2 protein chains.
Amino acid sequence: MELKYTGKTKDVYELEDGNLLLKFKDDVTGVDGVFDPGANTVGLTLEGAGRAGLRLTKFFFEILKDKGIPTHYIDANIDEATMTVKPAEVFGSGLEVICRYRAVGSFLRRYGLYAKEGQPLDAFVEVTLKDDDRQDPPISEDALHMLDILSKDEYQELKALTQQIGNVVKEELAKKGIELYDIKFEFGRVENQIVLIDEISGGNMRAYKDGEYIEPLELEKMFL
Amino acid sequence: MELKYTGKTKDVYELEDGNLLLKFKDDVTGVDGVFDPGANTVGLTLEGAGRAGLRLTKFFFEILKDKGIPTHYIDANIDEATMTVKPAEVFGSGLEVICRYRAVGSFLRRYGLYAKEGQPLDAFVEVTLKDDDRQDPPISEDALHMLDILSKDEYQELKALTQQIGNVVKEELAKKGIELYDIKFEFGRVENQIVLIDEISGGNMRAYKDGEYIEPLELEKMFL
């Protein structure tokens, strides 16, 4: 198998059957040793972070499969920290789609004039471009359409899928007394269908218990 | 008459009949002495800039009036550099609405991965919050709705008005062989109607002739 791409938190290999193998690493995004799911740099390395992230990802992707929500997931090997997925075509050079239930992070940094920290946001969806050089700028439905990244119909489909998947994660966390504040997804096309790709782990979300933020690794321990 | 507000490029007085008097100053926005219509600071002072801006504003507001497009404009006194307007209620703490015909400025800084400098943009509309402390962040239709700044219907009305007014300015400039690249508007409510407020001058737009950028004062000289 051939190494295709080295990412910040995982490496991607091509398998002989055309599928991809994702190897989860122990690196998590952040700045100066502090975890931040929105950051573009590896902030810290945590022993076991890769396997813990994969365990949570496997848990959620299998729930989504049962619910008939399309993802790239085929199967996972926890011991090896690897996940086998269908190859997907990303939109443009990649998008991040955020679903927000409470105002924290970049939302608050941008809209703090109108929103208080922790204010409920009702599954608010926003899209940012994956573009480290330009600090992952937010982009509107109209701009995505004009720049040929997403059609208007694809945008609406992406938004609906994001809220649907966000709500699944939120409900699962709520069963453990944990509240989801926001979560970040990536999507791609597999055979002309929009599917969830990448992962759903502690590193993609901000979760709180009794008003206290839960670190990704701790979340994964509490959760599984 | 009472001074109500001191702005970066004009002062606002309240008249006895309840209308407002805008006094155009010779300050233009920019950074380090270079004009930038998107900047939040006064970059330079140019003798006659206030009167020149008012002359162009009067010209455009009177064309809009003839076309039945609603604005806050009542009349103007060029010698005094003043304009009388109806008082309008702004949306939230104020919005800027940009209409783009070619990719330059902040659009290119954000979306340079997908757009080339000067690429045509087909009257693309985007909204930013007036918030100096947060560098006037862009905001989506969904976020404007969620934060109770604009309803969905108001957003569509604002977008349509922006393109309508942008196209009027673009056509007038084209008559002089000048090409409009982008233009920034402000809107408000007067008696429950959305109307154009503030000004339409060289300081609000980027205009080019034969591919060369035209400074605001020069534009006003070429134009009138």
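Owing to the predicted nature of the structure, the values given are computational and were not obtained by experimental measurement.

## Re the pattern of salt bridges
- One pass over the full model with this rule turns up 36 salt bridges over all chains.
- With its nearest N and O atoms 2.7 Å apart, the salt bridge here joins A:Arg206 to A:Asp182. Of this pair, A:Arg206 sits in strand S15 (residues 205–209) while A:Asp182 sits in strand S13 (residues 179–190), and the two are 24 residues apart along the sequence. Across this residue pair, the class does not change: A:Arg206 and A:Asp182 are buried.
- Here B:Arg134 makes a salt bridge to B:Asp131, at a shortest N to O gap of 2.8 Å.
- Residue classification places B:Arg134 among the partly exposed positions, given a relative accessible area of 26%.
- On the basis of relative accessible area, B:Asp131 is assigned to the buried category, the value being 5%.
- Here the salt bridges share partners, and the residues they tie into one network are A:Arg100, A:Arg110, A:Glu126, A:Asp182 and A:Arg206.

## Here we look at the relation of the copies chain A and chain B
- Superposing chain A onto chain B requires a rotation of 180° together with a translation of 0.0 Å along the rotation axis, leaving an RMSD of 0.0 Å. In the structure described here, the two chain copies are related by an operation that fits a two-fold rotation axis. Minimal C-alpha distance to the rotation axis in chain A is attained by A:Ser140, lying at 2.9 Å.
- Comparing interface residues between copies, 100% of those in chain A also lie at the interface in chain B; the contact surface is shared.

## Remarks on the interface of chain A and chain B
- With 31 residues of chain A at the contact, the number on the chain B side is 31 residues.
- Carbon and sulfur atoms supply 66% of the area buried between chain A and chain B, which totals about 2,400 Å² over both sides.
- Taken together, the connections running from chain A to chain B amount to two salt bridges.
- Across the pair A:Asp142 and B:Lys159 runs a salt bridge, and its minimum N-O distance is 2.8 Å.
- Counting every contact that joins chain A to chain B gives six residue pairs in polar contact (both at pLDDT 80 or more).
- Sorting elements by how many residues they give to the side of chain A that touches chain B places helix H2 (residues 105–111) of chain A first, with five residues.
- A class-by-class count of the residues in the side of chain A that touches chain B yields 18 nonpolar, six polar and seven charged.

## Concerning the sheet that holds strand S5 (residues 34–35) of chain A
All names here are of chain A.
- With respect to topology, three strands assemble into an open sheet ordered S5-S4-S6, the strand pairing being antiparallel. Strands at the two margins of the open sheet, each flanked by one partner only, are S5 and strand S6 (42–45).
- Relative to S6, strand S4 (residues 27–31) runs antiparallel, the two being bridged by three bridges. Opposite Val28, over in S6, you have Leu44 as the bridge partner.

## With respect to the packing of aromatic side chains
- Taken as a whole and judged by the stated rule, the model has 18 aromatic pairs over all chains.
- Pairwise contacts between aromatic rings join A:Phe59, A:Phe60 and A:Phe223 into one cluster.

## A short note on the domain arrangement of chain A
Residues and elements named next belong to chain A.
- The domains assigned to chain A are domain 1 (2–85) and domain 2 (89–218).
- One C-alpha centre belongs to domain 1, the other to domain 2, and the line joining them spans 17 Å.
- Facing 29 residues of domain 1, the contacting portion of domain 2 comprises 29 residues.
- Buried area between domain 1 and domain 2, summed over both chains or domains, comes out near 2,200 Å², and the portion from carbon and sulfur atoms is 64%.
- Summed over the shared surface of domain 1 and domain 2, the number is three salt bridges.
- Its salt-bridge partner being Asp198, residue Lys10 comes within 2.6 Å of it at the nearest N-O pair.
- Counting every contact that joins domain 1 to domain 2 gives seven residue pairs in polar contact (both at pLDDT 80 or more).
- It is helix H1 (residues 49–66) that contributes the most residues to the side of domain 1 that touches domain 2, ten residues altogether.

## Looking at the nonpolar core
- B:Phe187 and B:Ile200 are the most contacted members of the largest nonpolar core, which has 59 residues in total.
- With sequence-adjacent residues up to four places away left out, B:Ile200 is seen in contact with B:Gly53, B:Leu56, B:Thr57, B:Phe60, B:Phe61, B:Leu64, B:Ile165, B:Val169, B:Ile183, B:Phe185 and B:Met205.
- In terms of nonpolar packing, the next biggest core, distinct from the first, is built from 58 residues, A:Ala123, A:Leu150, A:Phe187 and A:Leu219 among them.

## Considering helix H4 (residues 152–174) of chain A
- Over its 23 residues, H4(A) runs 33 Å from end to end, which matches the ideal 33 Å to within 8%, given 1.5 Å per residue.
- Three or more residues of H4(A) are buried, namely A:Glu154, A:Tyr155, A:Leu158, A:Lys159, A:Leu161, A:Thr162, A:Ile165, A:Gly166, A:Val168, A:Val169, A:Glu172 and A:Leu173.

## What to know about the side chain of B:Glu186
All names here are of chain B.
- Considering the arrangement of structural elements, one finds Glu186 in strand S13 (residues 179–190).
- For Glu186, the side chain forms a polar contact with the side chain of Lys130, separated by 2.9 Å.
- When neighbours within four sequence positions are excluded, Glu186 is seen to be in contact with Leu95, Glu96, Lys130, Val195, Leu196, Ile197 and Asp198.

Each value, and the rule that gives it
- Residues numbered from 1 in each chain as written.
- Chains lettered and ligands numbered in written order.
- Predicted model: local features only at pLDDT ≥ 70, side-chain atom pairs only at ≥ 80, totals over all residues.
- Heavy atoms only, no water.
- Salt bridge = Lys/Arg side-chain N within 4 Å of Asp/Glu carboxyl O.
- Helix = DSSP H or I, 4+ residues; strand = E, 2+ residues; numbered from the N terminus.
- Buried < 20%, exposed > 50% of the residue type's maximum accessible area, 1.4 Å probe, protein only.
- Least-squares fit on C-alpha atoms with pLDDT ≥ 70 in both.
- Contact = heavy atoms within 4.5 Å.
- Buried area = accessible area lost by both parts, 1.4 Å probe.
- Polar contact = N/O pair within 3.5 Å; in protein donor to acceptor, adjacent residues only side chain to side chain.
- Nonpolar A, V, L, I, M, F, W, Y, C, P; charged D, E, K, R; others polar.
- Pairing = 2+ DSSP bridges.
- Phe/Tyr/Trp six-rings, centres within 6.5 Å; stacked < 30°, edge-to-face > 60°.
- Domains from an automatic or database assignment.
- Core = buried A, V, L, I, M, F, W, Y, C linked by side-chain atoms within 4.5 Å.
- Expected span 1.5 Å × (residues − 1).

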